[in-house]
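Structural overview
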Amino acid sequence: MRSRRHSRERRSDVARRAAAPPRAPAARPQINPLRAGLRLEKVPEPACVVVFGATGDLTHRKILPALYNLRRVGLLPAETTILGFARRPLTDEQFRADLKEAVARFSRVPLQDALWADFAAGIFYQQGEFHDPDAYRRLSQRLDELSVARGTRDNRLFYLATPPSLGPTIIDQLGRASLDVEGRGHGWARIVIEKPFGQDLESARQLNRDVQRVFRESQVYRIDHYLGKETVRNLLVFRFGNGIFEPIWNRRYVDHVQITVAESLGVEGRGAFYEEAGATRDILQNHMLQLLSLVAMEPPIAFAADDLRNEKLRVLRAIDCDWTAERLARDVVRGQYGPGWVGGKPVPGYREEPEVAPDSTTETFVALKVEINNWRWADVPFYLRTGKRLAKTATEISVQFKQPPLALFRGLQAEPEPNLLALRIQPDEGILLRFVAKVPGLGLDVRSVNMDFTYGSSFVSDAPEAYETLLLDVLLGDASLFTRADEVEAAWAVVTPINEVWEAWDRGAHRPEFPNYAAGTWGPEEADHLIERDGRRWRRL
Amino acid sequence: MRAARGPDEGPTGDATSPAQPPIRPAIPGTRQHWDARATSVPEIEAALAKLWGLAAREAELAGTAPAPPSGTFADPRVAARLDQGGEVRIRARTSVVTLVVVATRPETLERALDAVGELAARHPSRAIILAPGDPDGPARLDARISLECSVRPLSLSETCAERILVQAGGETAQHLAAIATPLLIHDLPVVLWWADDPPLGSRQLRELTEACDELLIDSGAFRDDGRERLAALAVLVAGGALAVRDIGWMRLTLWRELLGGLFDHPLLTPELASLRSVRLDVLRPGTTIRLSKAACFAGWLAAALHFDVAQPLGPKRSSESLVGTWTDGRREVRVEFRPVPAPADAGALAVGSLQRVELELGRGRRLIRARVTRQADHLLATADWDGAEVARRAGRLEPFDEAPYVAEALERFGHDRIFEESVAQAARLVAG
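This report concerns the structure included in the present document. Just so we're clear, the structure is a prediction, and the values are computed from it rather than from any experiment.

1. Here we look at the nonpolar core
All names here are of chain A. Counting 128 residues, the largest nonpolar core has V50, V51, L67, Y159 and L384 as its most contacted members. With nine residues, helix α9 (residues 271-296) is the largest single contributor of residues to this core. Lining this core are residues from two domains, each supplying at least three of them: domain 1 (10-194) and domain 2 (228-406 + 484-532). Beyond its immediate stretch of four places on either side in the chain, L67 contacts V49, L76, I82 and L471.

2. Notes on the packing of helix α2 (residues 57-72) of chain A against helix α13 (residues 466-476) of chain A
All names here are of chain A. For the pair α2 and α13, interaxial distance at closest approach is 9 Å and the crossing angle is 70 degrees. On the basis of the axis angle, α2 is roughly perpendicular to α13. Contacts between α2 and α13 involve K62, I63, A66, L67, N69 and L70 from the first element and Y467, E468, L471 and L472 from the second. For the contact of α2 with α13, the class distribution of residues is seven nonpolar, one polar and two charged.

3. Notes on the sheet that holds strand β17 (residues 446-454) of chain A
Residues and elements named next belong to chain A. With respect to topology, eight strands assemble into an open sheet ordered β8-β12-β13-β7-β14-β15-β16-β17, the strand pairing being mixed. Bordering the open sheet on either side are β8 (332-335) and β17, each of which pairs with just one other strand. Each strand of the sheet is rotated relative to its neighbour by a mean of 15 degrees, with strand direction disregarded. Two elements, strand β7 (residues 254-262) and strand β13 (residues 382-387), share six bridges in a ladder whose sense is parallel.

4. A closer look at helix α11 (residues 403-411) of chain B
An α-helical segment advances 3.6 residues per turn. Residues three or four places apart therefore align on the same side. Taken together, the buried positions of α11(B) are B:Y405, B:V406, B:A409 and B:L410. Buried residues along α11(B) cover an arc of 145 degrees about the axis, so they all sit on one side.

5. As for the pairing of strand β1 (residues 48-52) of chain A
Residue and element names in this part refer to chain A. Among the five residues in β1, five count as buried, and that is most of the element. Here β1 shows no split at all, with C48, V50 and F52 on one side and V49 and V51 on the other all buried. Pairing geometry for β1 and strand β2 (residues 81-86), over five bridges, is parallel. Looking across to β2, one finds that F52 is bridged to F85. Following the backbone out of β1, through α2 and into the adjacent parallel β2, one traces a crossover that is right-handed.

6. With respect to helix α3 (residues 92-106) of chain A
All names here are of chain A. A rise of 1.5 Å per residue sets the reference length of α3, with its 15 residues, at 21 Å; its end C-alpha atoms lie 21 Å apart and thus fit the reference within 8%. What α3 keeps buried is the set F95, R96, D98, L99, A102 and V103. Down the axis of α3, the buried set is contained in an arc of 165 degrees. They therefore lie on one face. With respect to the buried face of α3, the exposed residues turned more than 90 degrees away are E93, Q94, E101 and R105. In this structure, the buried side of α3 is in contact with α2, β2, α4 (113-120) and β3 (123-127).

7. What about the pairing of strand β12 (residues 322-327) of chain B?
All names here are of chain B. Only one face of β12 is covered, namely the face carrying L322, G324 and W326; the face carrying V323, T325 and T327 is uncovered. Two elements, strand β11 (residues 308-315) and β12, share five bridges in a ladder whose sense is antiparallel. Bridging across to β12, Q311 finds its partner in T325. Counting the residues between successive antiparallel strands, the hairpin from β11 to β12 contains six residues, one of them, S318, with a positive phi of roughly 60 degrees. Pairing between β12 and strand β13 (residues 332-340): six bridges, direction antiparallel. Within β13, the residue paired with W326 across the bridge is V333. Taken together, β12 and the strand that follows it, β13, pair antiparallel across an intervening segment of four residues, in which G329 is found at a positive phi of about 95 degrees.

8. Side note on the packing of helix α10 (residues 305-318) of chain A against helix α14 (residues 485-507) of chain A
Residue and element names in this part refer to chain A. Interaxial distance between α10 and α14 falls to 9 Å at its minimum, and their mutual angle equals 15 degrees. Between α10 and α14, the interaxial angle falls into the category roughly parallel. Read as a crossing pair, α10 and α14 show a hand that is left-handed. When α10 is examined against α14, the residues R309, K312, L313, L316 and R317 are found in contact with a partner set consisting of D486, E487, A490, A491 and V494. Residues belonging to the contact of α10 with α14 are distributed by class as follows: five nonpolar, no polar and five charged.

9. A short note on the environment of B:E162
All names here are of chain B. One can find E162 in strand β6 (residues 158-169). Separated by 122 residues in the primary sequence, E162 and R284 place their C-alpha atoms 40 Å from one another. Ignoring anything within four residues of it in the chain, the contact list for E162 reads L48, R126 and L147.

Calculation notes
Every chain begins its residue count from 1, and numbering advances along the sequence as written. A letter from A marks each chain and a number from 1 marks each ligand, given out in the order of writing. Predicted model: local features are reported for residues with pLDDT of at least 70 only, side-chain atom pairs are reported and counted for 80 or more only, and whole-chain, interface and lining totals are derived from all residues. We define a nonpolar core as a collection of buried residues of the types Ala, Val, Leu, Ile, Met, Phe, Trp, Tyr and Cys that are connected via C-beta atoms lying within 7 Å of each other. Residues are called buried when their C-beta atom has 20 or more other C-beta atoms within 10 Å, exposed when it has 12 or fewer, and partly exposed otherwise; all C-beta atoms are positioned from the backbone. Each helix is a run of H or I in the DSSP string that is no shorter than four residues. Each strand is a run of E no shorter than two, and both are numbered from the N terminus. Where each domain starts and ends comes from a domain assignment, either automatic or drawn from a database. Think of it this way: build a C-beta for each residue from its backbone, and any pair within 7 Å is a contact. Throughout, an axis means a line fitted to C-alpha atoms (over the contacting stretch in the case of helices), and angles, computed between N-to-C directions, take values from 0 to 180 degrees. Oblique is the label for any angle not under 35 degrees, not over 145, and not in the 65 to 115 range, which are roughly parallel, roughly antiparallel and roughly perpendicular in turn. All residues other than Ala, Val, Leu, Ile, Met, Phe, Trp, Tyr, Cys, Pro, Asp, Glu, Lys and Arg, Gly among them, are scored as polar; the first ten of these are nonpolar and the last four charged. Any two strands are treated as partners once DSSP identifies two or more bridges connecting them. Arc definition: it is the arc formed by the directions from the helix axis to the C-beta atoms. The handedness rule is simple: strands pointing away from the viewer, and a clockwise path from the first strand over the helix to the second, make the crossover right-handed. Expected helix span is computed as 1.5 Å times (number of residues minus one). Note on convention: near helix rotated counterclockwise from far helix by under a right angle means a left-handed crossing. Clockwise means right-handed.

Put into structure tokens, the structure is as follows:
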């Protein structure tokens, strides 16, 4: 499987010729005792970050601002080097000027000229075609030179900021140029892959095979920026850092769980992409199922990458994926927005968006009821909904608890509502607990009150961008917040059967009557019926 | 007692006949404040209750107003903050800490008020600023109470901060703990910031710390050469009951990060075991050399590298330097504090500031030098191996203000084990 792995002695000749002082020993690194108690007790080793698609939007908007901010706060070593790789002919200087403009525009803090000058000294550019083996030989040579000149110790991070279709080509070429090789005089080699990780279960499996033909799984970091968000990470702290919630986090006390990822935005010029993806592939398969697995997982035995991912995987595998046509018709609702009003402004329907077919059946909304067949969650429905052009942008997980066993306070003016715990991901990140209290007075009226904790009112310090968190983790070699190959496949195993049934319906007589909701509303009425049929209702956000 | 309310940009009124507060939603960037004065602790408590009542009433009126359509606001998140369905909007008190500040001199009071003002936006807290005046004058207490709520521009979260400035004189000024203790918020951590040279071991300080969880001091403000205060600090820290944070120590963080960062290099890490000597250049513009900062830095090195003091610092013949030795039981390391005059661009540098730290390491004829040197606005760290540079890094010096350090003390609560070990070693090194 990895026939090219051990054929790479020539690469480091240049590095080996590094003059005095002697090269660092290749043995296990010793612990630096002077690090204890500092901001980062473990700091990333110097590395060269090779960005494929260096002239693209993702590099400009996210990757470079994140690296700059990490450097700004002293979390990256000064030797850190960035090597952009793309087709356009640019000089190092032109590339630096291009990135300076991007960082000034997209960084969450203003650009400091002196710091930029220092940072930019480590930025380089390599022109090349993604399918051209010569380009990778030149890349390899450049990396050797930079390793010596910049002291990056031959550590390489390859970041695929390219369209997904180019991924397999680049990975194959990296393997052919032996750029994946680690150890034996070389530093480490890691690769970051952006979602989507395939279009369905089979293409995801094929992509995993392509990746694993060259890289070991421990070298691969599949990035879902949602997992880098501060509040998503806090989900784990909330669940497993507090003793009072875990005992009631199960079918005995929880009535149902709702997860909403709502966007007021439309497709924002990405019509062609969205036509292929739809809400199911764009949001449900990754962000929503990741949130679901974090909410439903068992406590991991340690806060370590594979322990966490093992538990998430077990949840995904416990989801009932037997989507018969009958069950699909009952438990899954798809929708597509028509024209409407959002934020006080008229907006066009999905079919009127650029690059969208006028008779498109792509779903911009999906709501479904999911069952997790394990001891903790059997018979506890998880209701998920996501959509574009909804009434507002909001991401929230709400856990609704069962009513008390004996209704002592029924028959009063207002029926007490069951307890609810809401974890708000965005906006107004925080945690809300709803409980019942007596209304002051002589009578015995009760009403629901909210105990509302907002992060912004208690921790006012700026949270890092998700990409900053995740890039630092990659450089540190911590894969906790990255999706493993088997997780990706397990998530596709949930979603692919749904898409397959829909596609069959679209080809036959069951074409959906789209659009079926107006922009600026909370989705099609059928989504309300889906949950109301069970005697429940969507939480008002 | 009188109280007043009003937004920054608007008029103030009197709490006894408050003007009808306007109905308005949470607008990013807006700031509202309410003020009152009092002359006793019960009056302060009553004033606080009244100010919160005014703030809550205004919030309630804003929340029960008919919700405008979301399109009214350019930012949909603003609209999203408005409660729907007529639910009462609550102005929550979100304090995370009570900060007690003691400022014994007018200039430190001014600095402390500036720092507390800056912190209000970042750390929702109650700040009690105690300014003791003439202990021989008539007993008096004059308190200014203010409540300020602001909406942050991006997150649109509202934070509220309370500030109580108590100016006390005579007998009252000698019992600061009796003033502060009733005003502490229940069940929240309490940080005491002594903004001048802290009278470590005094009754006044001891009484106050009994009600506190953490003491914040600045070893850079220790009087004379700092030896006496360092010794007292070591005793306090060794007691273990109180967490102590030191602004002087926090100012050394960049020095520590840069020097420590040099030894991240795999070539240099093992060489720490071959340390031969340490030299610290300490700023001395006048005649007194203040040792506390340099001693803490040296104490950190000693603790991290498992050395103990063999010979405390003493004068070196034919120079103004102080020289001592460490030992790990097998070998000795020379430690030298060298006073240096203030450079032309010293600016606001305090007496006792570090100018340069240099370590010599290596076995046999091999010589490795690692040094951190203060430049105009940054620190430069370099390491060379028999003259060839192997590592270099730089770090920008932070502004001299105290507020960021006070903020750090509020954020990183609890014992700092590294600091405590460093202080113990520092006190042993300067014990004269």
